[in-house]
Amino acid sequence: MMYFLDYAMYQGALKAAQEEFELGRKLTKQELIANANEGGIRLDRKKVEAATDYSGHRDRLCDRADDLGLLHACTDTWLEVRTWNNDIRGVLTLFGLAAYSMFWGMATLPDWLGVIRLYQTGLWTNGKALTSSTPFEWLISAIGATILAAAATWAMYRYLLRYEWPTQRWIRLRFNRKTRKVYLLRPKYAGGLMVFDWADTQPDFPQNKNVDAPYLYWAFLGWRGKELGQPLVSQFIGRRTSFKTTGDWMAFWEYIRRFMEEGPDSVPKPKNLIGHWPSLKEAWLSVTQWYPVLQQKGLRGKFSDGITVLILPLILIILVGNFVGQCLTWQARFPKEIERAGNEP
């Protein structure tokens, strides 16, 4: 269900935008919080105020700038950031494959094999002769089973599997320093291709910017429409537990900010680029990283490691599902004009 959250968040944003349009005004912070909580997103006043009070991109937020190994790709013109919704992959993939195997392999295929044998030999597998009407009855049964299997396949895809496979492999979030734009490419039901001004990008920071404080939330960026009726779009970034401390999140944002404002020479070369192909390493990181509150040093960290060891067989099964799910998806591509943007001499 990895993209279901993006779908739910986007639908909630559209609802809020429509509400603003009908009211003729922007929603208050409390109304934004209520809408977010209704959509399943945990927000409070401090988080909203921290995001809306962000002063801008000109000044350095901290001394440290670190990509934390969270870039899919990077050039002198643009960089692409990993998003964590891709981590919620594996269980639904295995369930879907099992269900499709039952629909087609256990129900439909035997009927058609029986029809073929009956028409070829006129005999049961035990050699007993059949009446002339029996092959026709088997044919009707096979057609009926095929129709039911096709209907079940469509329903499962429409209401479940499309959020995980077959769909685009990664959400693509590209920052282009020359065009001063941010390009977000999601599945169509979650908003599709969206283009934002870099100046409108709002990071979600806690009010307490102690760099050593544990960061117990999921980091996200937001873009609020300037006109009434334009939705507030937000996107979780990194992996679920990429940022152990507030300082990690600030350092990653500072990496993006310096790249956009000061150029590629102002930041270190990326440690490791993730790329866009299926990755067993990314699958392993996805299924072994728990919620931020558990990924801390001390007792909480040991507790998380203990859980990992105890349920290792289950983790390995989900690991297979995660990687297979990656292989059953495709790499979404930006339109040519976006790929070329900023590359002109």
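Residues numbered from 1 in each chain as written. Predicted model: local features only at pLDDT ≥ 70, side-chain atom pairs only at ≥ 80, totals over all residues. Heavy atoms only, no water.

Focus: the environment of L113
Then, number 1: Within the element layout of this structure, L113 appears in helix α4 (residues 91-121).
Then, number 2: Since its relative accessible area comes to 51%, L113 is described here as exposed.
Then, number 3: Distance in space between the C-alpha atoms of L113 and A142 is 9.2 Å, their sequence separation being 29 residues. (Helix = DSSP H or I, 4+ residues; strand = E, 2+ residues; numbered from the N terminus. Buried < 20%, exposed > 50% of the residue type's maximum accessible area, 1.4 Å probe, protein only.)

Overview of the environment of W284
Then, number 1: Tracing the chain through its elements places W284 in helix α7 (residues 280-288).
Then, number 2: By relative accessible area, W284 is classed as partly exposed at 36%.
Then, number 3: Sequence spacing of W284 and I315 is 31 residues, and the spatial spacing of their C-alpha atoms is 8.7 Å.
Then, number 4: If we skip the residues at most four places from it in the chain, W284 touches L312, I315, L316 and L319. (Contact = heavy atoms within 4.5 Å.)

A closer look at the pattern of salt bridges
Then, number 1: Overall, the coordinates contain 19 salt bridges when judged by the stated rule.
Then, number 2: The partner of E261 in a salt bridge is R58, and the shortest N-O contact between them spans 3.1 Å. Of the two residues, E261 sits in helix α6 (residues 246-262) while R58 sits in the loop between α3 (45-52) and β1 (71-74), which places them 203 residues apart along the sequence.
Then, number 3: In this structure, D87 and R82 form a salt bridge, with 2.8 Å as the shortest nitrogen-oxygen distance. Accessibility classification places D87 together with R82 in one group, the buried group.
Then, number 4: Among the charged side chains, a network of salt bridges with common partners joins R60, E254, R257, R258 and E262. (Salt bridge = Lys/Arg side-chain N within 4 Å of Asp/Glu carboxyl O.)

Regarding a nonpolar patch on the surface
Then, number 1: Together, W112, Y119, F136, I140, I143 and I147 line one region of the surface with nonpolar side chains, adding up to about 600 Å² of accessible area.
Then, number 2: It is helix α5 (residues 134-159) that contributes the most residues to the nonpolar patch, four residues altogether.
Then, number 3: Along the polypeptide, Y119 turns up in helix α4.
Then, number 4: The class for Y119 is partly exposed, based on a relative accessible area of 48%. (Patch = residues over 30% accessible without salt bridge, like charges linked within 9 Å, V, L, I, M, F, W, Y side chains within 5 Å. Areas by Shrake-Rupley, 256 points an atom, 1.4 Å probe, with all protein chains shown as cover.)

Observations regarding empty space enclosed by the protein
Then, number 1: Under the counting rule described, the total for this entry stands at two cavities of 30 Å³ or more.
Then, number 2: When its volume is computed, the largest cavity comes out at roughly 60 Å³.
Then, number 3: Around the largest cavity sit eleven residues that line it, and A16, A17, E20, Q230 and L232 are the ones nearest its centre.
Then, number 4: Element by element, the count of residues in the lining of the largest cavity is highest for helix α1 (residues 4-23), at four residues.
Then, number 5: Residues belonging to the lining of the largest cavity are distributed by class as follows: seven nonpolar, one polar and three charged.
Then, number 6: The space that makes up the second largest cavity amounts to roughly 40 Å³.
Then, number 7: Around the second largest cavity, the lining is made up of ten residues, and of these Y217, W218, A219, R240 and F243 lie nearest the centre.
Then, number 8: Tallied by class, residues from the lining of the second largest cavity come to seven nonpolar, one polar and two charged. (1 Å grid on protein atoms, 1.4 Å probe; cavity = no way out; pocket = protein on both sides within 12 Å on 5 of 7 lines; lining within 4 Å. Points joined across faces, edges and corners; volume = space filled by probe spheres on them. Nonpolar A, V, L, I, M, F, W, Y, C, P; charged D, E, K, R; others polar.)

Here's the deal with the packing of α7 against helix α9 (residues 312-327)
Then, number 1: For the pair α7 and α9, the least separation of the axes is 9 Å and the interaxial angle reads 135 degrees. By the criterion of interaxial angle, the relationship of α7 to α9 is oblique. Considering only the axes of α7 and α9, their crossing is right-handed. Within the contact between the two elements, α7 uses L280, E282, A283, W284, S286, V287 and T288 and α9 uses L312, I315, L316, I318, L319, N322, F323 and Q326.
Then, number 2: In terms of residue class, the contact of α7 with α9 is made up of ten nonpolar, four polar and one charged. (Axes fitted to C-alpha atoms, helices over the stretch in contact; angles between N-to-C directions. Parallel < 35°, antiparallel > 145°, perpendicular 65-115°, else oblique. Left-handed = near helix turned anticlockwise from the far one by under 90°.)

Honestly, that's just the spatial picture; any functional story needs more than this.
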